[in-house]
Amino acid sequence: MNSDEFREASKQLTDYIADYIEGLRQRSVVPDVEPGYLNDLVPELPPEQGEPWCNLFNDIEPVIMKGMTHWHSPRFHAYFPTANSYPAICGDMLSTALACIGFTWNAAPSCTELEMRMMDWLAWMIGLPEYFQFKYGPGGGVIQTTASESTLIAILGARTQILKQYGLDNRIADDQDDDEDQEDGQGGQYDGHSKHYELLGRMVAYASNQSHSSVEKAAMLSATRIRLIPVDREKNYSMNVDRLRKRIIADKQRGLIPMIVIVTLGTTNTCSFDNLFRIGEICSEFRIWLHVDAAYAGSAFVCPEFRHYMHGIEHATSFTMNPHKWLLVNFDCNAFWVKDKSLIEDAFIVNPVYLKHENQNRILDYRHWQIPLGRRFRSLKMWFVFRSYGLNGLQKHIRKQIELAKLFGQLLKTDDRFELFDEIRMGLVCFRLKGSNELNEKLLQSINHGKEIFLTPAKVNEQFIIRFAICSRTTEEMDVQFSWNLIQKHADQIILQRPK
Ligand code: PLP
């Protein structure tokens, strides 16, 4: 494809994308395909000779769209939202075209500097304390791929700080050569590191049993013991703070080292909020790293009226949220801040000669803030979105989605076969049919088999619940009404009676 052909192809694709997004209401949300459907449509081997663009373009509908779940359909209500907006698509296009790998400042100065500035903008927009901004310091922010990665990074950062307290660092250096090991016949190379291993084995992470599975996974990957603390039913399924405190004290008495507590603001199951203030006090008392996972709900903090959920944020060591969920910046764009740069750099710095540059002591290199070396120019899409919408536009988006969730809640209350499982705090409604789990499973299955809307379940305290999330930027009242009518229709088929 030469540049003229590219101009033509990309214009055609741009038209297609706009038509696709504007026409989503006309498509079934869930595709009608079985696993393996694509095998018959895409040959087993790539073509010998290159094909013209029109062949590729013509295959989008029959191959890709045939098997696509339309996450941006206004009637997609599953999981949590994933963002999609035109300015973000433009930012991603430019990032793809620049195709730089901004691991150091020298490798692509604008890539590093725009990211620093965007992370400061966002920290300000959601009301994080000033020290999380580069402008004030000593903290700062970085774009990671996902919230899962950020939680792992927080655990690795916390682990490094504990090692430091014992005069060690992350490096388990090979301090004896192989010959010596063989001579003493003891396999002695491990002896010098026993303090390291002993400490690593004593470290403990804590989160509520409603925290996202990525917390458990991060503990697994970092070989960290994790305690999943029960939640209080009467306090909207937030972590039982007294149980946390008791667990920490008991662990210390056993010689374990409480290392990190992960607070969730907006859990995946029911969008519940842990008590950041009280948990923060405990972390400060015992000098434990406090990581805040606000993957979904963090975007709502652009609206001051929701910031009360952040009460206690001054205790946080690190904070993460996903603009790629609810702030109109397309995936991938996870935001992660730490209150002091050194807390993260201590854990990640390695310095091969080929990455050194003459400016490295004058500005940060983001390679020290993440697991991979390579990184895309992701702040472009933040820049485009934040400027196109303005703070005001972002606030409108959040408020509108929460209002739509409340509208669904009101509709639900008109039919007393249903009950709300929990109050509606953000853009998520958790509900169920009054009755057994089996009945609710049957209802969900019936709804999703219809493919016109898409919902996902959760199980909390052994109760099967149905989640209705406002996801698409284009969802309107008529879509909520449409979905509600459809849910009632499926309920009619299952329980065959509707109140007058
Ligand atoms: N944390 C919470 C509270 C979530 O709801 C989710 C995803 O829904 C995650 C973490 C994982 O997000 P990511 O896909 O960015 O890793």
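Residues numbered from 1 in each chain as written. Predicted model: local features only at pLDDT ≥ 70, side-chain atom pairs only at ≥ 80, totals over all residues. Heavy atoms only, no water.

### Some words on the UniProt feature "modified residue: N6-(pyridoxal phosphate)lysine" (unreviewed entry) in the protein chain
Link 1 in the chain: Taking the numbering used here, the UniProt-annotated feature "modified residue: N6-(pyridoxal phosphate)lysine" (unreviewed entry) corresponds to K325.
Link 2 in the chain: The residue K325 is located in helix α11 (residues 323-326) in this model.
Link 3 in the chain: In contact with K325, other than residues within four places in its own chain, are F80, P81, T82, A83, A295 and Y296. (UniProt positions renumbered as here; feature names shortened; annotations may be inferred. Helix = DSSP H or I, 4+ residues; strand = E, 2+ residues; numbered from the N terminus. Contact = heavy atoms within 4.5 Å.)

### A short note on unusual backbone geometry
Link 1 in the chain: With an omega dihedral of 5°, the bond running from G137 to P138 counts as a cis peptide bond.
Link 2 in the chain: You can see P138 is positioned in the loop between α4 (109-126) and β1 (140-144).
Link 3 in the chain: Of the consecutive residues F331 and D332, the connecting peptide bond is found in the cis state with omega at 0°.
Link 4 in the chain: For D332, the position within the fold is in the loop between α11 and β9 (334-338).
Link 5 in the chain: The backbone phi angle of A99 is positive, close to 45°, even though this residue is not glycine.
Link 6 in the chain: Within the secondary structure layout, A99 lies in the loop between α3 (86-98) and α4.

### Side note on a nonpolar patch on the surface
Link 1 in the chain: A contiguous nonpolar patch, built from L38, L41, V42 and I64 and spanning about 280 Å² of accessible area, is present on the exposed surface.
Link 2 in the chain: Considering the arrangement of structural elements, one finds I64 in helix α2 (residues 53-64). (Patch = residues over 30% accessible without salt bridge, like charges linked within 9 Å, V, L, I, M, F, W, Y side chains within 5 Å. Areas by Shrake-Rupley, 256 points an atom, 1.4 Å probe, with all protein chains shown as cover. Salt bridge = Lys/Arg side-chain N within 4 Å of Asp/Glu carboxyl O.)

### Notes on the sheet that holds β9
By way of backbone hydrogen bonds, the strands of a sheet pair with one another, either parallel or antiparallel.
Link 1 in the chain: Taken together, the 7 strands give an open sheet; going across it, the order is β1-β9-β8-β7-β6-β2-β3, and neighbouring strands pair in mixed fashion. The sheet terminates laterally at β1 and β3 (225-229), the two strands that pair on one side only. Averaged over neighbouring strand pairs, the angle between their axes works out to 20° when direction is ignored.
Link 2 in the chain: For strand β2 (residues 203-208) and β3, the ladder comprises 5 bridges, and the chain directions are parallel. (Pairing = 2+ DSSP bridges. Axes fitted to C-alpha atoms, helices over the stretch in contact; angles between N-to-C directions.)

### Focus: the side chain of H72
Link 1 in the chain: Inspection of the secondary structure assignment puts H72 in the loop between α2 and α3.
Link 2 in the chain: Using a relative accessible area of 17% as the deciding quantity, one classes H72 as buried.
Link 3 in the chain: The residues touching H72, leaving out its near neighbours within four places in the chain, are L24, T82, A83, N84, S472 and T474. (Buried < 20%, exposed > 50% of the residue type's maximum accessible area, 1.4 Å probe, protein only.)

### A short note on the sheet that holds strand β11 (residues 428-433)
Link 1 in the chain: Pairing is antiparallel across the open sheet formed by 4 strands, whose spatial order is β10-β11-β13-β12. Either end of the sheet is taken by a strand with one partner, and the two such strands are β10 (418-420) and β12 (456-460). Strand-to-strand twist in this sheet, taken as the mean axis angle between neighbours without regard to direction, amounts to 40°.
Link 2 in the chain: Bridging between β12 and strand β13 (residues 463-469) involves 5 bridges; their strand directions are antiparallel. For V460, the partnering residue across the bridge sits in β13 and is Q463.
Link 3 in the chain: Packing of helix α14 (residues 437-449) onto the sheet brings it into contact with β10, β11, β12 and β13, and relative to β13 it is tilted by some 30°.

### Comments concerning the pattern of salt bridges
Link 1 in the chain: The tally for this structure, following the rule as stated, stands at 23 salt bridges.
Link 2 in the chain: Close ionic contact of D479 with R75 constitutes a salt bridge, the shortest N to O distance being 3.1 Å. Note that D479 is positioned in helix α15 (residues 477-495) and R75 in the loop between α2 and α3, a separation of 404 residues in sequence.
Link 3 in the chain: Within the structure, one salt-bridge network assembled from shared partners comprises D92, D332, R376, R378 and K381.

### Remarks on the pairing of β9
Link 1 in the chain: In terms of residue burial, β9 counts as a mostly covered element, since 5 of its 5 residues are buried.
Link 2 in the chain: On β9, burial covers both faces: N334, F336 and V338 on one face and A335 and W337 on the other are all buried.
Link 3 in the chain: Note: β1 against β9, 5 bridges, orientation antiparallel. When the bridges of β9 are listed, Q144 appears paired with N334.
Link 4 in the chain: Alignment of strand β8 (residues 318-321) against β9, held across 4 bridges, turns out to be antiparallel.

### Quick word on the packing of helix α5 (residues 147-165) against helix α12 (residues 341-348)
Link 1 in the chain: Viewed as axis vectors pointing N to C, α5 and α12 meet at an angle of 85°, and their least axial separation amounts to 8 Å. It follows from the interaxial angle that α5 and α12 lie roughly perpendicular. Residues I153, L156, G157, T160, Q161 and K164 of α5 form the contact with α12, whose participating residues are S342, L343, I344, D346, A347 and F348.
Link 2 in the chain: Partitioning the contact of α5 with α12 into residue classes produces 6 nonpolar, 4 polar and 2 charged. (Parallel < 35°, antiparallel > 145°, perpendicular 65-115°, else oblique. Nonpolar A, V, L, I, M, F, W, Y, C, P; charged D, E, K, R; others polar.)

### So, helix α1 (residues 3-22)
Link 1 in the chain: With 20 residues, α1 should cover 28 Å at 1.5 Å per step; its first-to-last C-alpha distance of 28 Å lies within 8% of that length.
Link 2 in the chain: Buried residues along α1 sit in contact with α2 and α3.
Link 3 in the chain: Where α1 begins, the capping side chain belongs to N2, and its oxygen is found 3.1 Å from the backbone nitrogen of D4. (Expected span 1.5 Å × (residues − 1). Polar contact = N/O pair within 3.5 Å; in protein donor to acceptor, adjacent residues only side chain to side chain.)

### Quick word on the site of the ligand
Link 1 in the chain: By nearness alone, 14 residues border the ligand, and A147, S148, T268, D293 and N322 come closest of all.
Link 2 in the chain: The backbone of A147 places a nitrogen or oxygen atom 2.8 Å from an oxygen atom of the ligand.
Link 3 in the chain: Within the side chain of K325, one N or O atom sits 3.3 Å away from an oxygen atom of the ligand.
Link 4 in the chain: Relative to its unbound accessible surface of 400 Å², the ligand loses 87% to contact with the protein.
Link 5 in the chain: Secondary-structure elements contributing two or more residues to the shell around the ligand are α5 and α11.
Link 6 in the chain: Class assignment of the residues belonging to the shell around the ligand gives a composition of 3 nonpolar, 9 polar and 2 charged. (Near = heavy atom within 4 Å.)

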